[in-house]
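Chain by chain, the residues:
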Amino acid sequence: MKKLTVIQTLPALDAGGVERGTLEIARALVAAGHRSIVISNGGRLVKQLEAEGSEHITLPVHKKSLASLWQVTPFRQLLTDIQPDILHARSRVPAWIAWLAWRKLPANTLSQHHRPHFVTTVHGLYSVSPYSAIMTKGERVIAVSNTVQEYILKNYPQCPTEKIQVIYRGVSAAEFPHGYQPSHAWLNQWQKDYPQLAGKIVLTLAGRITRLKGHEAFISLIEELIKSKQSIHGLIVGGAEAKKTAYLNELKQLIHAKGLEQHISLIGHRSDMREVFSQSDIAYSLSSQAETFGRTTLEALSIGTPVIGWNHGGVGEILTTCYPQGAVALQNRVELLDKSMQLIKLPNPPKPITAFRLEDMCESTLAVYEKLSAQ
């Protein structure tokens, strides 16, 4: 097998699903003996990326401004110097810079400085615009779910169907093993930090504090369950950025107005979601806007925690495949309450999951690279 040089580019390497996916593919490339390079504005994950055998090149490819066009020439110079086989863009600003740099290179493979193959991944349901259309310009366009493929086909009909390939993001069975139990030290700390959970059925909503994540629906659900004399406690897990502080205060006021302070805890951002999900009896996904994938849904199901969620977007796809009894018609509060009551009375943990595996995502993505570079 030919040794490939692959460049992935994204705005920065701080945190998030796109960043995690980039690191996962970088790791898989190194494991397969390929050369892996990432171009971004840097961030706290660079250390991990390099420790795992990839190279990082810092370039300001993150700013949504016309000034970013100054990066096209340096980016083209990097492509000329490195001679990659694959150039993979994962976000709109770096995709524009990469594409403008790439298209001026000679397509003729006999040339000394020929063009690499250009791949894009559509991670989000972006606002439909010529600006977003860049994500459909790859020779291969990877969609992270059927939801994303439908979005591309509907909004960018000029993108040929045969160019699009659905490669679901995945979760590692080693990282989120079925039946996972945390260490005694972690459990002791958890019980110390949250004594209000003792003896309660714990219902968890994980996600950033933003209006789209369904916090109001979750609070209303807890209110109804408490009225029905259920011995439950609601956990809202997720951080609020500075500009979302007003909304966080709104949620606190809503909890206070409903008299639910003893029944709902806001515990902020956690980097130990595996452990938190292991201590949850039911996890929820109630985003009013369709998720492109739904990683937290899959993480919870993977370790064996039931998930109840609106049946749309990537979350709907995951639930339909892995835990159909958790799928609820969008915004149907009555069905949401009924399914919650059923699971509280009669727990029904998910079976071990075989779909949406990280190794499948890595294998399929590397196969795209290898097939293109063989052309």
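The paragraphs below set out a description of the structure included in this document. These numbers were taken from a predicted model, which means no experiment stands behind them. (Residues numbered from 1 in each chain as written. Predicted model: local features only at pLDDT ≥ 70, side-chain atom pairs only at ≥ 80, totals over all residues. Heavy atoms only, no water.)

### Some details on the overall build of the protein
For step 1, the next point in the chain: A count of helical and extended segments in the protein gives 13 helices and 13 strands.
For step 2, the next point in the chain: Expected size for 375 residues packed as a compact globule is a radius of gyration near 21 Å; at 22 Å, the protein falls within 12% of this value.
For step 3, the next point in the chain: With respect to the principal axes defined by its C-alpha atoms, the protein has extents near 75 × 40 × 35 Å.
For step 4, the next point in the chain: For the protein, the proportion of its 375 residues judged to be buried stands at 54%. (Helix = DSSP H or I, 4+ residues; strand = E, 2+ residues; numbered from the N terminus. Rg over C-alpha atoms; globule rule 2.2 N^0.38 Å. Buried < 20%, exposed > 50% of the residue type's maximum accessible area, 1.4 Å probe, protein only.)

### Considering the packing of helix H1 (residues 17-31) against helix H13 (residues 358-373)
For step 1, the next point in the chain: Between H1 and H13, the shortest axis-to-axis distance is 10 Å and the interhelical angle comes to 70°. The angle between the axes of H1 and H13 places the two elements in the roughly perpendicular class. The handedness of the crossing between H1 and H13 is right-handed. Contacts from Gly21, Glu24, Ile25, Ala28 and Leu29 of H1 reach H13 at Leu358, Met361, Cys362, Thr365, Leu366 and Tyr369. (Axes fitted to C-alpha atoms, helices over the stretch in contact; angles between N-to-C directions. Parallel < 35°, antiparallel > 145°, perpendicular 65-115°, else oblique. Left-handed = near helix turned anticlockwise from the far one by under 90°. Contact = heavy atoms within 4.5 Å.)

### Description of the pattern of salt bridges
For step 1, the next point in the chain: What the rule picks out here adds up to twelve salt bridges.
For step 2, the next point in the chain: Notably, a salt bridge pairs Arg274 with Glu275, separated by 3.2 Å at the nearest N-O pair.
For step 3, the next point in the chain: Taking relative accessible area as the criterion, Glu275 reaches 10% and is therefore assigned buried. (Salt bridge = Lys/Arg side-chain N within 4 Å of Asp/Glu carboxyl O.)

### Let's talk about the sheet that holds strand S3 (residues 55-58)
For step 1, the next point in the chain: Spatially, S3-S2-S1-S4-S5-S6-S7 is the arrangement adopted by the seven strands of the open sheet, whose pairing is parallel. Strands with a single pairing partner mark the edges of an open sheet, and in this sheet they are S3 and strand S7 (164-166). If you compare each strand with its neighbour and ignore which way they point, the axes differ by 25° on average.
For step 2, the next point in the chain: Sheet contacts for helix H4 (residues 92-103): strand S1 (5-9), strand S4 (86-89) and strand S5 (117-122); angle to S5, the most-contacted strand, approximately 165°.
For step 3, the next point in the chain: Against the sheet, helix H5 (residues 146-155) makes contact with S5, strand S6 (140-143) and S7, and its axis sits at roughly 160° relative to S7, the strand it touches most. (Pairing = 2+ DSSP bridges.)

Everything listed is a geometric property; what it means functionally is a separate question.
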